[in-house]
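# Residue-level structural notes
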Amino acid sequence: MLSIAIRSHRGVVPSWKSSCRHWFHYTLTSQASSSPTVFRELAATLPFPMLVASLFWCVATCTGSLEAAEPGIDFSRQIRPILAKQCFACHGPETQQSGVALHEFDKATQDGESGLKPIVPGKWTESEIINRITSNDPSVRMPPEGAGVSETQVQLLKQWIDSGAEYKEHWAFLPLSDPKPPKSLSGATPSNPIDAFVHQRLQAMSLKQSPQASPHALVRRLYFDCIGVPPDLETIERFAADPSEEAYSKLVDDLLADPRFGERMARDWLDVVRYAETNSFERDGPKPNAWKYRDYVIQSLNEDKPYDQFLQEQLAGDELESPTPETLTATGFYRLGIWDDEPADPEKAKYDEYDDLVTTIGQGMLGLTLNCARCHDHKIDPIPQKDYYQMVAFLRDVTTYGTRGDEKTNSQIDVSEPTVVKKKRQLRNKLNDQRSRLKELEELGIATMTDEDKLAAKSPDRNKVISEKLEKHLDENQWKEYSELKTQTEELRKEIESIPSDFRMGLAKCNPTPEQTFVLMRGSPEAHGDQVEPAFPALYRDPPPSLESTRKSSAGRRIELARWITSPTNRLTGRVIVNRIWQHHFGRGIVRSSNNFGQLGDPPTHPELLDFLAQQLVRFDWHLKPLHRMMLMSETYRCSSSGDDASVAKDPNNDYFARFNVRRLSAEELRDGVLTVSGKIHWKQAGPSVFPDVSDDVKAGQSIPGNGWANSSESDKARRSVYIFIKRSLIPPELSVFDFPETDTSCEARFLTTQAAQAMNMLNGAFMQKQSSAFAEYAMAQGSDLNGWVDAAIETAYSRRSEFAERERAVSRIRTLQSKFKLTQQQAFREYCLVLLNSNEFLYLD
C-alpha cells in the first residue's frame, strides 16, 4: 500500500526525488528493507543534506498519500463480475454441475464431486478453480467455450484467493449507505459534493482532471444536454465575456426552466418504457391517444414532478385516492407494449403481455432482470422463479390491450366532463337497444330463408344476404320498422361521434377479482405449479403487502407495488434513476448497465457517489431538477474533453471522469439541430404526433407499404423529433440510421454506431437536401456577398465566429465547385452548407 501511495504522487519530480522514490519503493516492497545496506546504497549516491531531505520527502509523500491509495481487491467490483460472467451459468444459484457452486463462500470452499475444493482461502496454488481456468487441456479447461478468463482476471482471482477469498453480498442488494463527501488530500472539501467523490478516486489513481472546457464548448454542451438544440452565437459570446460562476449558474437555471427541457429529457424515459404508437406484429395497428402519454411525461419533467409521484401515477394512477385525467393518462404506461391481435396461442400471448410489464418495471425502475426467472430460477441473481410470478400477481388485474375488433373498451378512458359522459352513455344505451331490435328482425327474416341462405347468414357474407334478400322475408310492417331503425341508428351513431370527447390511452377496464396466479413450470401456461400471492422479491427481505381492497374497478394491488417501489428505503429505485440522470449528462452511468444492477451487470465505478446521489434524491423530496443542477454545476461536468497522453493511457475508458466524454449527437438532437440552423424548426409543443416525409422505398418494408403513415402539414413536419409518430414497423431514416432504439423492449442506453447508411443519409437524404437549401437561403439573407454568406453559415452552424483562413478555404472550394461542376454561386454555396452540416464540429459535442 505504501508503494502504491508513493507512486500516486503527481507532478514533476526532480531527479534526486525520483532516485529517492525508487529506493524507498524498493525498501518497502522487498525483503531487503530490513537490511542496513540499503541506507548505505542511498548514502553512496546522495550528499548528506540531500539524504536527509530525501528521507523527509519520502515520509511526507508516503503518509500524505495513504488516504488516496487505491484499495486492494474489491470483491463486488472486480471478482464477482468474473465469476458471474464466466462461472455462474454452470456453477451458480441455479445449476451446480459436478457439485460445484461458486456464488457463496461456504459452497465454493467445500469439496466438489471430484474431491477437490474449488477455492482454498489463502492458497491459490491448491484451488482447483485456478487449475481449471488456466489449463490448456480442452477436457479440463473452464469455461469450456468462449475466450475464457483473461490473464488479468486470473491474476485478480489469485490475489483474491490469497487474501482470504472473502465474499461480500452484491452491492446493489445491500441497503443504501449514507456516505459523506470526502475531503481532499489538502484537507479541503470541494464546493460541489460530486467533485469531492470524483477527485478522491482521481487522486487515488494519480490522475488529474482536465481543465474547464472553453466557454464555447461548455455552452454548446449545456444546450444540447438540457434542451437538445444548439445555442445561438450571442448566448455563447455573452457567456465568454463573463464566464463567472454567477453567469454559469444563471445559464443552468434558465435552461432547467426552459419548456424545451422536458422535450429533451422525456426521450430518455420514453426509451426506458418502450414508447411507440403502434402494436407491432404484421398489422402494426395504431394505439390511439398514445401521444397523450408522451405529453404527460414532458409536462411532468418540466414541472419537476417528484419522481416517486411520477412512478406511482404510471403504476397505479387509477388506484390513487383521487384519480385525475392526468393520473389516468399516466396508466398509458401499461398499454405501450407490443400486442398481437390474433395470437396463435392466446394463453401464452396473455403471459407474454405480463412478461413485458414485469420486464419493463423490473429493468426500468429497479434495475433487476426479473424476466430471467420466468421459466426457472434466475441463473445469476438470487431471484427464484416464485419471485417472478409473485410480481405477475401484482399485475393480474391489468386486462389485455384489446380484442380483435375492439381495441377501445380496455384501453381508451373517457375523461370528458361528467355531463358529457352521462349523455353519451344514454345515447349508447339507446343505440344498443336499436341494434338489438335490428338483429331480432334480421333473425326473423333469416328463419324463413333457404338452408343455403341461412348458412351464408352465419358467415362473413351475412351483410350481403341481408341487403339482397331480407326485405322479401319480412312483412310490410316489419320491413318498415327495420328501415326506419336503420336510419335512426345511423343518425344516432353520427350524433354520438359529434359530441366532443376526451379519450386517454390507459387502463380503461381492469379486473377487480383477478384470477389466481401460479408458478408456470418452464414458463408454460399449461403447466401450473404452486399458487402464489403478490409479494416482493426475496432479496429485499420485506414482508408481503396487505391487500385488503374494497375497490370495484381494480384489485388494489398495483398501488401497493407502487408504494413499495417508491419507498425511501427501497435500495434500488433511487440508485437506478440517479444513474440514468448521470448517464444523460456524462455519457455513461456510474453503473454502465443501467437496466441491470444485478450480478451480471457492471459494478459502479463510484459506489459511494451513487449512494450519495440516491440519498440526495430523497432529501430533495424526489425532485429531479436539483440533481440535474448539482451535476451541471460540478467541475466534473465542466471539464474539457481533452486529456494528456499519460492520463488517457492509464484510464482509456475514462472510468474515473478525468475528462469529459466526447459524444455524437443523438438522432433527435441531430435532426432538431439541423432544423434549428436552417431556421425552419417549428416550436409548437404538445398535441398529436406528426408524420415527416418518408420515401416509398422505406415504406416498402411494411407488410402493406405506407399503411398507417399519414401526411402532415409542412409546419408540422418541422416540429421537434420527440413529436414524430413512432410506428414500430416504419421509423423514419433520420432517426433509425442514427441508432434510434428498438421499441419492443426497454432500452437502457443507445448504441453509438458509425456506418455507411449514416453518411448516405446525411449527404443524399431528402431531409438533408431540403434543409441544407433552407440553411443556405438563411445564410445568404444575412450577408451581402460570398464572404458574408460564409461567415453567416459558420456562425449559425458552429455558434462561433469564422476564422480568416477558414473563410478563405471555404470561398476557394465554392469557386472550385462553380468552375468544375458548372454551378451557380448560390448552388455551390448550398453544397458548402451541406458540408457544414456533415462536419464533425456540428455532429459531435466536446
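Residues numbered from 1 in each chain as written. Predicted model: local features only at pLDDT ≥ 70, side-chain atom pairs only at ≥ 80, totals over all residues. Heavy atoms only, no water.

### Some thoughts on the pattern of salt bridges
Considering all chains together, one arrives at 61 salt bridges under this definition. Note that E326 is salt-bridged to K305, the shortest N-O span being 2.6 Å. One end of the pair, E326, is in helix 17 (residues 325-330); the other, K305, is in the loop between helix 15 (290-302) and helix 16 (307-316), and 21 residues separate them in sequence. Looking at K305, the relative accessible area reads 9%, which means it is buried. Close ionic contact of R592 with D655 constitutes a salt bridge, the shortest N to O distance being 2.5 Å. In this pair, R592 sits in the loop between helix 25 (573-586) and helix 26 (607-619) while D655 sits in the loop between helix 29 (645-650) and strand 5 (663-664), placing the two residues 63 residues apart along the sequence. The class for D655 is partly exposed, based on a relative accessible area of 22%. Shared partners join several salt bridges into a network, and the residues in it are D225, R264, R663 and E669. (Salt bridge = Lys/Arg side-chain N within 4 Å of Asp/Glu carboxyl O. Helix = DSSP H or I, 4+ residues; strand = E, 2+ residues; numbered from the N terminus. Buried < 20%, exposed > 50% of the residue type's maximum accessible area, 1.4 Å probe, protein only.)

### Side note on unusual backbone geometry
Cis geometry marks the peptide bond from M142 to P143, where omega comes out at -10°. Here P143 lies in the loop between helix 8 (128-134) and helix 9 (151-162). Even without a glycine there, the phi angle at W622 is positive, about 70°.

### Description of the packing of aromatic side chains
Two measures describe an aromatic ring pair: the distance that separates the ring centres and the angle between the ring planes. Going through the model one piece at a time under the given rule, you end up with 32 aromatic pairs. With a centroid separation of 4.5 Å and an interplanar angle of 10°, the aromatic rings of F536 and W564 are classed as stacked. A residue pair is termed long-range when its members are at least 10 positions apart, and F536 in the loop between strand 4 (528-532) and helix 24 (558-565) and W564 in helix 24 qualify at 28 residues. Across this residue pair, the class does not change: F536 and W564 are buried. Judged by centre distance (5.8 Å) and plane angle (65°), the rings of F586 and F657 are edge-to-face. Separated by 71 residues along the polypeptide, F586 in helix 25 and F657 in the loop between helix 29 and strand 5 bring together distant segments of the chain. For F657, a relative accessible area of 2% corresponds to the buried category. Members of the aromatic cluster, connected to one another through ring pairs, are W269, Y275, Y293, Y296, Y307, F310 and W622. Sitting over the ring of W124, K158 keeps its end group 4.0 Å from the ring centre. (Phe/Tyr/Trp six-rings, centres within 6.5 Å; stacked < 30°, edge-to-face > 60°. Lys NZ or Arg CZ within 6 Å of the ring centre and 35° of its normal.)

### Remarks on the side chain of S127
Within the secondary structure layout, S127 lies in the loop between helix 7 (105-108) and helix 8. Of note is the side chain of S127, whose polar atom sits 2.9 Å from the backbone oxygen of K123. When sequence neighbours within four positions are dropped, the list of residues in contact with S127 reads K117, P118, I119, V120 and I161. (Polar contact = N/O pair within 3.5 Å; in protein donor to acceptor, adjacent residues only side chain to side chain. Contact = heavy atoms within 4.5 Å.)

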